[in-house]
Amino acid sequence: MPDTDSDVPITFGFVLLPGFPLMSYAAAVEPLRAANTITGRDLYRWWHAAPGGGAVTASNGVAVVTDVAVGEGRLGADRVFVFAGGNPSGFEDPALSAWLRRLARGGATLGGISGGPYLLARAGLLDGHRCTLHWEHVPAFQESFPGAQVVRSLYEIDGARVTCSGGIAALDLMLHLIGRDHGPGLAAGVGDWFLHNQIREGLSPQRMDLRQRFGVRDPRLLRVLGAMEEALETPLSREALADIAHVSVRQLERLFRDGLGTGLHRHYLDLRLDQARRLRRETSLSVAEIAAATGFADADELSRAERRRARRGAQAR
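Quick caveat, the model's predicted, so the values are computed rather than measured.

A. Spatial organisation of the nonpolar core. Membership of the largest hydrophobic core comes to 40 residues, with the highest contact counts inside it found for Val15, Leu96, Trp99, Leu100, Leu110 and Phe141. When residues of this core are traced back to their parent elements, those giving at least two are strand S2 (44-50), strand S6 (79-84), helix H2 (94-105), helix H3 (117-122), helix H4 (138-144), helix H11 (264-282), helix H12 (287-293) and helix H13 (299-316). Setting aside residues no more than four positions away along its own chain, Val15 makes contact with Ala49, Val70, Val80, Phe81, Val82, Phe83, Leu96 and Trp99. Core analysis: the next-biggest nonpolar cluster, separate from the first, contains 36 residues, Leu32, Tyr44, Cys164 and Ala169 among them.

B. Here's a closer look at unusual backbone geometry. Even without being a glycine, Ser114 presents a positive backbone phi close to 60°. Here Ser114 is to be found in strand S7 (residues 109-114). By relative accessible area, which is 7% here, Ser114 ends up buried.

C. Structural view of the side chain of His137. Its location among the elements puts His137 in the loop between strand S8 (130-131) and H4. If near-sequence neighbours (up to four positions away) are discounted, His137 is found in contact with Gly86, Pro88, Ser114, Gly115, Tyr118 and Glu282.

D. Spatial organisation of the pattern of salt bridges. One pass over the structure, following the stated rule, counts 11 salt bridges. Between Arg45 and Asp42 there is a salt bridge whose closest N-O contact spans 2.6 Å. Judged by relative accessible area, Arg45 falls into the partly exposed class, the value being 45%. The partner of Glu156 in a salt bridge is Arg130, with the nearest N and O atoms 2.9 Å apart. Placement of Glu156 in strand S10 (residues 155-158) and of Arg130 in strand S8 is noted, with a sequence separation of 26 residues between them. For Glu156, a relative accessible area of 5% puts it in the buried group. Within this structure, Asp270, Asp274, Arg277, Arg309 and Arg312 form a network of salt bridges that share partners.

E. Fine view of the packing of helix H5 (residues 169-182) against helix H6 (residues 184-193). At their nearest, the axes of H5 and H6 sit 7 Å apart, and the two run at 150° to each other. Helix-helix and strand crossings are classified by hand; for H5 and H6 the assignment is right-handed. Listed contacts from H6 to Leu175, Ile178, Gly179 and His182 of H5 are Pro184, Leu186, Ala187, Val190 and Gly191. For the contact of H5 with H6, the residue count by class is six nonpolar, three polar and no charged.

F. Region of interest: the pairing of S6. The element S6 is largely enclosed, with a buried count of six among its six residues. Here S6 shows no split at all, with Arg79, Phe81 and Phe83 on one side and Val80, Val82 and Ala84 on the other all buried. Crossover connection from S6 via H2 to parallel S7: handedness right-handed.

G. How the structure looks around the packing of aromatic side chains. Taken as a whole, this structure holds 11 aromatic pairs when the rule is applied. Note on Phe14 and Tyr25: the rings are 6.1 Å apart at their centroids and 90° apart in plane angle, and the pair reads as edge-to-face. Taken as a pair, Phe14 in strand S1 (residues 10-16) and Tyr25 in helix H1 (residues 22-39) lie far apart in primary sequence, 11 residues in all. Taking relative accessible area as the criterion, Phe14 reaches 0% and is therefore assigned buried.

H. Structural view of the sheet that holds S10. Pairing in this open sheet of seven strands is mixed, and the strands run S5-S2-S1-S6-S7-S11-S10 from one edge to the other. Each edge of the sheet is formed by a strand with only one pairing partner; in this case those strands are strand S5 (68-69) and S10. Against the sheet, H1 contacts S1, S2, S6 and S7, and its axis sits at roughly 155° relative to S2. Docked against the sheet, H5 engages S1, S2, S6, S7, S10 and strand S11 (161-164), running at close to 40° with respect to S10.

I. Structural view of the pairing of S7. In terms of burial, S7 is largely enclosed, as six of its six residues are buried. Looking at chain direction, S6 and S7 are connected through six bridges and run parallel. Along S7, the bridge assignment pairs Arg79 with Thr109.

Definitions and limits used
- Residues numbered from 1 in each chain as written.
- Predicted model: local features only at pLDDT ≥ 70, side-chain atom pairs only at ≥ 80, totals over all residues.
- Heavy atoms only, no water.
- Core = buried A, V, L, I, M, F, W, Y, C linked by side-chain atoms within 4.5 Å.
- Buried < 20%, exposed > 50% of the residue type's maximum accessible area, 1.4 Å probe, protein only.
- Helix = DSSP H or I, 4+ residues; strand = E, 2+ residues; numbered from the N terminus.
- Contact = heavy atoms within 4.5 Å.
- Salt bridge = Lys/Arg side-chain N within 4 Å of Asp/Glu carboxyl O.
- Axes fitted to C-alpha atoms, helices over the stretch in contact; angles between N-to-C directions.
- Left-handed = near helix turned anticlockwise from the far one by under 90°.
- Nonpolar A, V, L, I, M, F, W, Y, C, P; charged D, E, K, R; others polar.
- Right-handed = clockwise from strand over helix to strand, strands pointing away.
- Phe/Tyr/Trp six-rings, centres within 6.5 Å; stacked < 30°, edge-to-face > 60°.
- Pairing = 2+ DSSP bridges.

Structural data, given as structure tokens:
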């Protein structure tokens, strides 16, 4: 059953931070427009805000003109969603945090899209709540906000908190909300409008299946790839990985060469270095702490591994 009175328009506030992800924003606002167009009724209204007001530029350079500056005006909103991309951990705005807390006290549902949950968490609005965000931001987010219960899903709705991993997952979230507000028939109609013929559940995984990501089908190799991604802080030995695949170390090395075109050690090392790069970019952790979080003995060992990879990349070019 719809959660709201269909005769009363539902108002969304979209808070756009500099460098916001345009795809996530479009996937959120366009379904509302489509719902209004399909029904010929004013089911949804929306406004835009940004720190400082004026035009705010997305990560691809497209600018959106906002209606108000953060904290200004008295625009009502039932739901306020914050959009952030790039490096949301580096964006601090006490005025935004205070405004979000004020909106929450006023009864608005608060949401974060892609990197937007960072701003909700910084305002203290996700403590004790289930939440999600883009997979790339998860390790740094968990280090910074241990009180939030991170789930690696497409979107999470926990009471008056709504979070979404971003990208086209925002479309799935909005279709869910439209269905809750005005029934599944309208949600299906909006999905058809955008050629989205399968509405994904919130708990669907964010990332492609390992088979699709790496283009491999061997179940032994897939088990090892999954185990590697789960054990970056305390890397597993070659022998332990071979046990997971139920093959010898030599056979496992051959599986990596044949299936991925690289060695077992090189692949595992690259996973850890990618994680270290994300933590450098999105946290204030020291190099020593990042080294420990990615399975290196100390900062020097991490730095040496990074330099070696940089040299390999330069030689490949």
